[in-house]
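Given next are the chains, with one letter for each unit.
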Amino acid sequence: MNLAEIAPKSRCRIVQAASDHPDLQSRLYALGLYPGAEVDVLRYAPAGDPMQVRSGGTLLSIRKQEALLVAVEAL
């Protein structure tokens, strides 16, 4: 399952983040989206892209194409 598949107002844990894209992986890790981190999916924009998530105390907007590269498990 990937982050883009998680429904709004749901929680998940990151398993892997953009392992085949080192530059994107580094940016996601810096934003708090790293393996083991718990993420709350808050909402999607009206057109479905981007999505807003909370990791720790940080609110992030992430594009759907990037969220597709983040493997998660539902909590």
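Please read all numbers here as calculations on a predicted model, not as lab measurements.

A. Quick look at the sheet that holds strand β3 (residues 51-55). One open sheet accounts for 5 strands, arranged β4-β3-β2-β1-β5; its pairing is antiparallel. If you trace the sheet from one side to the other, it starts and ends with β4 (58-62) and β5 (70-74), each paired once. When the angles between neighbouring strand axes are averaged without regard to direction, this sheet yields 40°. Here strand β2 (residues 38-44) pairs with β3 via 5 bridges, running antiparallel. Residue pairing across strands places D40 opposite R54, the latter belonging to β3.

B. Layout of the pairing of β4. Direction of pairing for β3 relative to β4: antiparallel, over a ladder of 5 bridges. The partner of V53 across the bridge, within β4, is L60. In this structure, the hairpin formed by β3 and β4 is closed by a connection of 2 residues, where G56 is found at a positive phi of approximately 65°.

C. Spatial organisation of the pairing of β3. Summarising burial for β3: 4 of the 5 residues are buried, a large majority. Linking β2 back to β3 in an antiparallel pair, the connection comprises 6 residues, with G48 at a positive phi of about 90°.

D. Up close: the nonpolar core. Residues L3, L28 and I62 are the most contacted members of the largest nonpolar core, which totals 19 residues. Sorting the residues of this core by element identifies β1 (10-17), α1 (22-30), β2, β3, β4 and β5 as the ones contributing at least two each. At 3 residues, the largest contribution of residues to this core is made by β1. Setting aside anything within four residues of it in sequence, one finds I62 in contact with L3, L28, L33, D49, P50, M51, V53 and A67.

Calculation rules
- Residues numbered from 1 in each chain as written.
- Predicted model: local features only at pLDDT ≥ 70, side-chain atom pairs only at ≥ 80, totals over all residues.
- Heavy atoms only, no water.
- Pairing = 2+ DSSP bridges.
- Helix = DSSP H or I, 4+ residues; strand = E, 2+ residues; numbered from the N terminus.
- Axes fitted to C-alpha atoms, helices over the stretch in contact; angles between N-to-C directions.
- Buried < 20%, exposed > 50% of the residue type's maximum accessible area, 1.4 Å probe, protein only.
- Core = buried A, V, L, I, M, F, W, Y, C linked by side-chain atoms within 4.5 Å.
- Contact = heavy atoms within 4.5 Å.

Just distances and angles here, no functional claims.
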